[in-house]
Amino acid sequence: MKIHSIDIYALSIPFVTPYRLSRIYGTVTDNQSIVIRIRTDDGPSGWGEANPLPPFTEETPAGVFNLLEGTLGPVLVGADAGNIARCRRAVDECVPGNPTAKGALDMALHDLAGKAAGRPVHALLGGSLADDLPVLWPIGSGTPEEDRRVVEARAAEGFRSFMVKMGAQPVEREIRRVAALTERFHPEIRFIVDANQGWSQSEALRFVDGANRYPLALIEQPVDRNDIAGLARVRAASLAPVSADESVFSPVEAAALARAGAVDALSLKVSKNGGIAPARDIAVLAAANGMTCLMNSMLECGVTQAASLQLGCTLGNLVDCGHAYMSTLRLTDDFTDFGALVTDGRVRVPDEPGLGIAVDEDKVAALALRHASVGPARASQDAGA
Ligand SMILES: [Mg+2]
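Predicted model, so just to flag it, every value in this text is computed and none were measured.

Engineer: Describe in detail the nonpolar core, supporting the description with residues and values.
Structural biologist: Of all hydrophobic cores here, the largest spans 102 residues; its most connected members are Phe191, Phe207, Leu216, Val263, Leu266, Phe338 and Val347. Domain assignment of the residues forming this core places at least three in each of domain 1 (3-118 + 361-384) and domain 2 (123-348). Other than its neighbours up to four places away in sequence, leucine 266 contacts Ala244, Val248, Ala254, Leu257, Ile282, Ala286, Met291, Thr292, Cys293 and Leu294. The next biggest cluster of nonpolar side chains, apart from the first, holds 29 residues, and it includes Ile38, Val64, Phe65 and Leu112.

This is the structure:
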């Protein structure tokens, strides 16, 4: 099963509602994804997706597209798609870092491996521990009144966990949001707060001091991604568990967090972490160090969400609350049927081969702002030029 060619598409899909994050990221209005299809010469096609989001990620959508078209794609054309480890090594030897670009290739190779075997990816990973998982709903930065309206509307649809975005308002106001939400909805509803690096150490400690009176499921990335000592200080002061998101792209970073005892949990995102294989490495490392994992998401379409679900359902150390499988429901459109798996605040683990979802090829092409193909046709084009 040799890789014949790789199609690369740049998409931009608007959000139903603009999403206000911490002061670092501002308000996001659309999802910018790079979607790829790996074609094999005698077998199925596999789909992958990259979700770069600067300045969350060092990678940009244009950079990912160009890297896949100009460097990583050509390295894999002709390679054995069935040997994911060798494909990963080949791209790692080309260029360090760039996890979201490599993650798209990893997802597509896993999709291919599953389709070739006629089995879902979770079966190739050793098997699923869950038939479904609870799903969280995110709440952008807002007032207690706006928060309450979102929770009531989504709770009526079955959601029991919410991720409340913080870090855009003064700390005292954020504590009031926590107080209002937990006093009204605890214990039926669980709340994660995510500051997206929006606080200094002293602000984070002030937040924890005020929020310790309220039952939070998790406090995510209170301080800068490089401030491991700061995370450890916040963890020591907090009654709620603390998680790292922007601080953990690679297994190396996860190991550093574990050595420092900096956090209780890690946010896994298959795109951010470079695909299913490295995200799984991080999950194993977390388990061995007594840490749990939140299956989190970037601003993703259905391919990344499906890859995340295939991994998440195999893990025995998930955080006991909802996980981020709602990404496509916040978009005005998607080119997969992933969203149909989410009902009553839970996502069903599919058993179809590969990533377990249907991809509408025509829709990908129609949504694409830019398209390139890497493979024999491209090589002959270049030769003729
Ligand atoms: Mg986060």
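Engineer: So what about the environment of asparagine 273? Which residues, and what values?
Structural biologist: With respect to the helices and strands, the residue asparagine 273 is situated in the loop between β10 (265-268) and α10 (276-288). For the pair asparagine 273 and tryptophan 199, spaced 74 residues apart in sequence, the C-alpha to C-alpha distance is 23 Å. Not counting chain neighbours up to four residues away, the residues in contact with asparagine 273 comprise Pro99, Val248, Phe249, Ser267, Leu268, Pro278, Ala279 and Ile282. A polar contact of 3.0 Å, which involves the side chain of asparagine 273, links it to the backbone oxygen of valine 248.

Engineer: So what about the packing of aromatic side chains? Which residues, and what values?
Structural biologist: This structure, assessed with the given rule, holds eight aromatic pairs. Chaining the aromatic ring pairs together yields one cluster made of Tyr25, Phe56 and Phe249. Sitting over the face of the ring of phenylalanine 249, lysine 272 holds its NZ or CZ atom 6.0 Å from the ring centroid.

Engineer: Go over the coordination of the magnesium ion with me, naming the residues and quoting the values.
Structural biologist: Angles at a metal have ideal values that depend on geometry: 109.5 degrees with four tetrahedral donors, 90 or 180 degrees with six octahedral donors. Every protein donor of the magnesium ion is accounted for by Asp194 (OD), Glu220 (OE) and Asp245 (OD), and the metal-donor separations fall at 2.1 to 2.2 Å. Sequence positions of the residues that donate to the magnesium ion give the spacing D-x25-E-x24-D. Taken as a pair, glutamate 220 in strand β8 (residues 218-220) and aspartate 245 in the loop between β9 (242-244) and α9 (251-260) lie far apart in primary sequence, 25 residues in all. For the residue pair glutamate 220 and aspartate 245, the accessibility class agrees, reading buried in each case.

Engineer: Could you give an account of empty space enclosed by the protein, naming the residues involved and the relevant values?
Structural biologist: With the rule as written, the count across this model stands at one cavity of 30 Å³ or more. Its volume calculated, the largest cavity comes out at about 170 Å³. Surrounding the largest cavity, 21 residues form its lining, Tyr19, Lys165, Lys269, Ser297 and Leu299 being those nearest its centre. Only β5 (136-139) and β6 (161-165) provide two or more residues apiece to the lining of the largest cavity. The residue makeup of the lining of the largest cavity, split by class, is 12 nonpolar, three polar and six charged. There are two domains that each give the lining of the largest cavity at least three residues, and those are domain 1 (3-118 + 361-384) and domain 2 (123-348).

Engineer: Can you break down the pattern of salt bridges residue by residue, with the values?
Structural biologist: Pairing is possible between side chains that carry opposite charge, provided their charged atoms lie close to one another. Scanning all chains against the criterion turns up 22 salt bridges. One salt bridge connects arginine 346 with aspartate 132, and the closest N-O pair in it is separated by 3.1 Å. Taken as a pair, arginine 346 in strand β13 (residues 346-348) and aspartate 132 in strand β4 (residues 132-134) lie far apart in primary sequence, 214 residues in all. Overall, arginine 346 belongs to the partly exposed group, its relative accessible area being 35%. Residue classification places aspartate 132 among the partly exposed residues on the basis of a relative accessible area of 30%. Here glutamate 152 ties to arginine 184 by a salt bridge, and the two come within 2.6 Å at their closest N and O atoms. Taken as a pair, glutamate 152 in helix α5 (residues 144-156) and arginine 184 in helix α6 (residues 171-185) lie far apart in primary sequence, 32 residues in all. We classify glutamate 152 as partly exposed; its relative accessible area is 30%.

Engineer: How would you sum up the layout of surface pockets? Please name residues and give values.
Structural biologist: By volume, the largest pocket amounts to about 450 Å³. Residue lining of the largest pocket: 23 residues in total, with Gly97, Asn98, Pro99, Lys102 and Asn273 positioned closest to the centre. The biggest single contributor to the lining of the largest pocket is helix α3 (residues 99-117), with five residues. Broken down by class, the residue content of the lining of the largest pocket amounts to nine nonpolar, five polar and nine charged. Residue contributions to the lining of the largest pocket reach at least three from each of two domains, namely domain 1 (3-118 + 361-384) and domain 2 (123-348). In this structure, the second largest pocket occupies an estimated 360 Å³ of space. Along its surface, the second largest pocket is lined by 18 residues, and Thr17, Pro18, Pro138, Gly140 and Val150 are the ones closest to its centre. Going through the elements one at a time, β1 (3-20), β5 and α5 are the ones with two or more residues in the lining of the second largest pocket. Here the residues of the lining of the second largest pocket are counted per class, giving nine nonpolar, four polar and five charged. Taken domain by domain, the lining of the second largest pocket gets at least three of its residues from each of domain 1 (3-118 + 361-384) and domain 2 (123-348).

Engineer: Talk me through the pairing of β10; I want residue IDs and the actual numbers.
Structural biologist: Working note: regular strand, side chains alternate between the two faces of the sheet. Of the two faces of β10, the one carrying Ala265 and Ser267 and the one carrying Leu266 and Leu268 are both buried. As defined by bridge partners, β9 adjoins β10 across two bridges and the pair is classed as parallel. Bridging across to β10, alanine 244 finds its partner in leucine 266. Where β10 and strand β11 (residues 292-295) come together, four bridges link them in parallel fashion. Considered in β11, the bridge of alanine 265 is made with threonine 292. For the crossover that starts at β10, traverses α10 and ends in the parallel β11, the hand is right-handed.

Thresholds, definitions, all that
- Each residue is numbered by its place in its chain's sequence as written, counting from 1.
- Note on the predicted model: pLDDT of at least 70 is required for a residue's local features to be given, and 80 or more for side-chain atom pairs to be given and counted; whole-chain, interface and lining totals, by contrast, use all residues.
- As a rule here, side-chain values cover all heavy atoms of the structure and leave hydrogens and water aside.
- In plain words, nonpolar cores are sets of buried Ala, Val, Leu, Ile, Met, Phe, Trp, Tyr and Cys residues tied together by side-chain atoms within 4.5 Å.
- Accessible area is worked out with a 1.4 Å probe on protein chains only. A residue is then buried under 20% of its type maximum, exposed over 50%, and partly exposed in between.
- An automatic or database domain assignment supplies the residue ranges for each domain.
- Residue contacts follow a heavy-atom distance rule, with two residues in contact if any of their heavy atoms lie within 4.5 Å.
- Labels follow the DSSP assignment, with helices taken as runs of H or I lasting at least four residues and strands as runs of E lasting at least two, numbered in each case from the N terminus.
- Two N or O atoms form a polar contact when they lie within 3.5 Å of each other; inside protein one atom must be a possible hydrogen donor and the other a possible acceptor, and for residues adjacent in sequence the pair counts only when both atoms belong to side chains.
- Only Phe, Tyr and Trp rings are paired, with Trp represented by its six-membered ring, and only when their centres lie within 6.5 Å; those with planes under 30 degrees apart are stacked, over 60 edge-to-face, the remainder tilted.
- Over a ring means this: the NZ of a Lys or the CZ of an Arg is within 6 Å of the ring centre and within 35 degrees of the ring normal.
- Donor atoms: N, O and S within 2.8 Å of the metal, or within 3.2 Å for Na, K and Ca. Because water is excluded, sites can look incomplete.
- A cavity here means a set of 1 Å grid points, computed over protein atoms only, where a 1.4 Å probe fits but cannot escape. A pocket is an open set with protein on both sides within 12 Å along at least 5 of 7 lines, and lining residues have an atom within 4 Å of a point.
- Grid points are joined across faces, edges and corners, and a volume is the space filled by probe spheres set on the points.
- Residue type decides the class: Asp, Glu, Lys and Arg count as charged, Ala, Val, Leu, Ile, Met, Phe, Trp, Tyr, Cys and Pro as nonpolar, and the leftover types, Gly among them, as polar.
- Salt bridges are counted wherever a side-chain nitrogen of Lys or Arg sits within 4 Å of a carboxyl oxygen of Asp or Glu.
- Only when DSSP finds a minimum of two bridges between them are two strands counted as paired.
- A clockwise path from the first strand over the helix to the second, with the strands pointing away from the viewer, defines a right-handed crossover.

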